[in-house]
Amino acid sequence: MYNKAKSSIVYIPKNLGELFQIYNKFPNALIYAGGTYLLLSQNNRTIKLPSNVISLQRVDEMQKLKRTERFLEIGAAVTINRILEKASGVMPNVLRTALLEISNPAVRNIATIGGNLCVSEKRMNSYPVLFLLDTKLELKRSGQSRWVDIRKFLTEDNRPDIRDGEILTRIRVPFEQWNYQKYYVIGDRSLQSIDYFLFCSLGKIEKEQVSHFKFVLAQGDNNIYRSRTAEDFIVGRKFPLNNREISTLKELFIKDISSEHVIDMAKKDKISNILQSMFLEPYRN
Ligand SMILES: Cc1cc2nc3c(=O)[nH]c(=O)nc-3n(C[C@H](O)[C@H](O)[C@H](O)COP(=O)(O)OP(=O)(O)OC[C@H]3O[C@@H](n4cnc5c(N)ncnc54)[C@H](O)[C@@H]3O)c2cc1C
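Residues numbered from 1 in each chain as written. Predicted model: local features only at pLDDT ≥ 70, side-chain atom pairs only at ≥ 80, totals over all residues. Heavy atoms only, no water.

Draft legend 1. Structural context of the overall build of the chain. Looking only at helices and strands, one finds 10 helices and 13 strands in the chain. Taken over C-alpha atoms, the radius of gyration comes to 20 Å for the chain, in line with the 19 Å a tight globule of 285 residues would show. Referenced to the eigenvectors of the C-alpha coordinate spread, the extents of the chain come out at roughly 65 × 45 × 35 Å. Taking all 285 residues of the chain together, 47% fall into the buried category. Sequence-distant contacts in the chain: of pairs separated by 6 or more residues, those separated by 24 or more amount to 61%. Counting every atom, the chain has about 14,400 Å² of accessible surface; 48% of that belongs to carbon and sulfur. For the chain, the separation between the mean place of its 43 positive charges and that of its 31 negative charges on side chains is 5 Å. (Helix = DSSP H or I, 4+ residues; strand = E, 2+ residues; numbered from the N terminus. Rg over C-alpha atoms; globule rule 2.2 N^0.38 Å. Buried < 20%, exposed > 50% of the residue type's maximum accessible area, 1.4 Å probe, protein only. Contact = heavy atoms within 4.5 Å. Areas by Shrake-Rupley, 256 points an atom, 1.4 Å probe, with all protein chains shown as cover. Lys, Arg positive; Asp, Glu negative; His and termini not counted. Charge placed at Lys NZ, Arg CZ, Asp CG, Glu CD.)

Draft legend 2. Summary view of the sheet that holds strand 8 (residues 144-149). Strands sit in the order 5-6-9-7-8 across an open sheet of 5 strands; the sheet is antiparallel. Every interior strand has two partners, whereas the edge strands, strand 5 (65-67) and strand 8, have only one. Strand-to-strand twist in this sheet, taken as the mean axis angle between neighbours without regard to direction, amounts to 20 degrees. Note: strand 5 against strand 6 (residues 71-75), 3 bridges, orientation antiparallel. Along strand 6, the bridge assignment pairs Arg67 with Leu72. (Pairing = 2+ DSSP bridges. Axes fitted to C-alpha atoms, helices over the stretch in contact; angles between N-to-C directions.)

Draft legend 3. Representation of the sheet that holds strand 10 (residues 180-187) within the structure. Across the sheet, 4 strands lie side by side as 10-11-12-13; this open sheet has antiparallel pairing. The open sheet has two free edges, formed respectively by strand 10 and strand 13 (224-226), since each of these has just one partner strand. Across this sheet, the average inter-strand angle for adjacent strands is 20 degrees, counted without regard to direction. Where strand 11 (residues 196-206) meets strand 12 (residues 209-219), 10 bridges bridge the pair, whose relative direction is antiparallel.

Draft legend 4. Local environment of the environment of Leu139. Tracing the backbone through its elements, the reader meets Leu139 in strand 7 (residues 136-141). Measuring from C-alpha to C-alpha, the distance between Leu139 and Asp164 comes to 11 Å, with 25 residues separating the pair along the chain.

Draft legend 5. Representation of the packing of helix 9 (residues 243-260) against helix 10 (residues 265-280) within the structure. Across the interface, helix 9 lies against helix 10 with an axial gap of 10 Å and an inter-helix angle of 140 degrees. Put simply, helix 9 runs oblique to helix 10. The handedness of the crossing between helix 9 and helix 10 is right-handed. Between helix 9 and helix 10, the residues in contact are Asn243, Ile246, Leu249, Lys250, Phe253, Ile254, Ile257 and Ser258 and Lys268, Ile271, Ser272, Leu275, Gln276, Phe279 and Leu280, respectively. Here the residues of the contact of helix 9 with helix 10 sort into 9 nonpolar, 4 polar and 2 charged. (Parallel < 35°, antiparallel > 145°, perpendicular 65-115°, else oblique. Left-handed = near helix turned anticlockwise from the far one by under 90°. Nonpolar A, V, L, I, M, F, W, Y, C, P; charged D, E, K, R; others polar.)

Draft legend 6. Just the environment of Val235, in detail. Note that Val235 resides in the loop between helix 8 (228-234) and helix 9. Once the C-alpha coordinates of Val235 and Asn28 are considered, the two residues, 207 residues apart in sequence, prove to be 48 Å apart. If sequence neighbours within four positions are ignored, Val235 has contacts with Val210, Ser211, His212 and Phe213.

Draft legend 7. Representation of the domain arrangement of the chain in the model. Domain parsing of the chain yields domain 1 (2-55), domain 2 (60-174) and domain 3 (180-280). Computed over C-alpha atoms, the centres of domain 1 and domain 3 are 39 Å apart. (Domains from an automatic or database assignment.)

Draft legend 8. Structural context of helix 10. Here helix 10 spans 23 Å end to end across 16 residues, near enough to the 22 Å set by a 1.5 Å rise per residue. Listed as buried for helix 10 are Lys267, Ile271, Ser272, Ile274, Leu275, Met278 and Phe279. Taken end-on, helix 10 shows its buried residues confined to a sector of 160 degrees, consistent with a single buried face. Exposed residues lying more than 90 degrees from the buried face of helix 10 are Met265, Asn273 and Leu280. Each element contacted by the buried residues of helix 10 is listed here: strand 10, strand 11, strand 12, helix 8 and helix 9. With a side-chain oxygen positioned 3.2 Å from the backbone nitrogen of Ala266, the residue opening helix 10 is Asp264. (Expected span 1.5 Å × (residues − 1). Arc of directions from axis to C-beta. Polar contact = N/O pair within 3.5 Å; in protein donor to acceptor, adjacent residues only side chain to side chain.)

Draft legend 9. Inspection of the packing of aromatic side chains at higher detail. According to the stated counting rule, one finds 11 aromatic pairs in the structure shown. Aromatic pair Tyr180 and Phe239: ring centres 5.4 Å apart, planes at 80 degrees, arrangement edge-to-face. You can see Tyr180 sitting in strand 10 and its partner Phe239 sitting in the loop between helix 8 and helix 9, a full 59 residues away along the chain. Since its relative accessible area comes to 5%, Phe239 is described here as buried. Each ring, one from Phe213 and one from Phe215, has its centre 5.7 Å from the other, and the planes form 70 degrees; the classification is edge-to-face. Exposure remark for Phe213: the relative accessible area of 6% places this residue in the buried category. Judged by relative accessible area, Phe215 falls into the buried class, the value being 0%. Members of the aromatic cluster, connected to one another through ring pairs, are Tyr180, Tyr184, Phe199, Phe213, Phe215, Phe239, Phe253 and Phe279. Over the ring of Trp147 we find Arg172; its NZ or CZ atom is 4.3 Å from the centre of that ring. The cationic tip of Arg237 hangs over the ring face of Phe233; the distance from NZ or CZ to the ring centre is 3.9 Å. (Phe/Tyr/Trp six-rings, centres within 6.5 Å; stacked < 30°, edge-to-face > 60°. Lys NZ or Arg CZ within 6 Å of the ring centre and 35° of its normal.)

Encoded structure:
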């Protein structure tokens with residue numbers, strides 16, 4: 001059940017029962033999924049970990065992928081590559097794109113979806129997509145579990161709302177047909193950077209007319225920006241939008257998010273460029 005490293009004990013539970021038994025005993029233990037984020041800030045030859053580390057890699061219940069008629073359910077410790085291998089045919093294109101944008105195959109082989117959502121300091125690739133897809137998250141602690149709408153997953157200071165003793169165990173992605181799906185990563189996506197935008201949009205377009213549309217922007221260490229005014233502006237219009245409509249849309253979006261967040265001119269220009277390219281590209285996936 002555990003391996004003793006130099007200065008830390010790494011526990012490797014095989015199921016949730018064992019996991020919570022250990023976590024109850026060592027509530028300050030470090031939860032270690034793939035370790036790709038946890039270790040990336042360590043540049044020394046020897047890795048420093050706290051005295052108790054709990055690995056999720058062997059927890060059976062967290063390694064499962066399940067598909068029903070209504071949703072795809074992913075164990076939080078499933079690696080990004082395994083999701084891509086096993087579920088590419090059923091997941092929305094936009095989620096596949098976001099997962100493929102995570103670093104390289106070697107990292108994706110180890111990195112987990114749960115780790116991608118639970119990074120505390122900033123928003124990683126899957127977050128805006130899962131947000132727009134109305135994903136539900138299961139958070140468990142010993143003897144209790146709760147399902148949380150991903151929209152309520154971040155606290156006011158933009159940290160994942162994982163309470164004491166809790167682990168993210170499952171991610172449930174509902175199926176819905178979207179024939180407009182876009183995902184962009186813009187800016188400096190190097191490891192330590194927070195100067196980037198993750199941009200995702202979903203729409204339903206029937207006979208060139210938009211019937212549903214939603215889009216969000218996640219900025220580095222910030223929460224999601226979403227403008228209902230801009231979304232409402234698009235619904236009912238013919239695609240592709242013309243230049244005048246795109247200009248109005250950009251104004252609405254930037255005005256809306258500027259009323260809630262301080263955004264400098266350079267970032268406004270970047271956002272404006274994203275919107276411009278997003279609406280100029282063909283939409284069918
Ligand atoms: C070279 C390199 C490039 C990268 N590029 C990208 C990129 O382009 N896009 C991107 O999104 N990410 C990138 N990453 C970051 C990272 O690989 C991913 O975000 C990855 O999905 C994190 O998963 P992990 O399993 O390795 O998490 P870990 O490093 O194990 O954990 C991350 C955090 O989440 C907590 N945690 C993990 N799982 C759970 C759980 N189930 N319940 C509660 N807490 C949990 C851990 O305690 C830790 O605080 C990169 C990493 C590297 C090394």
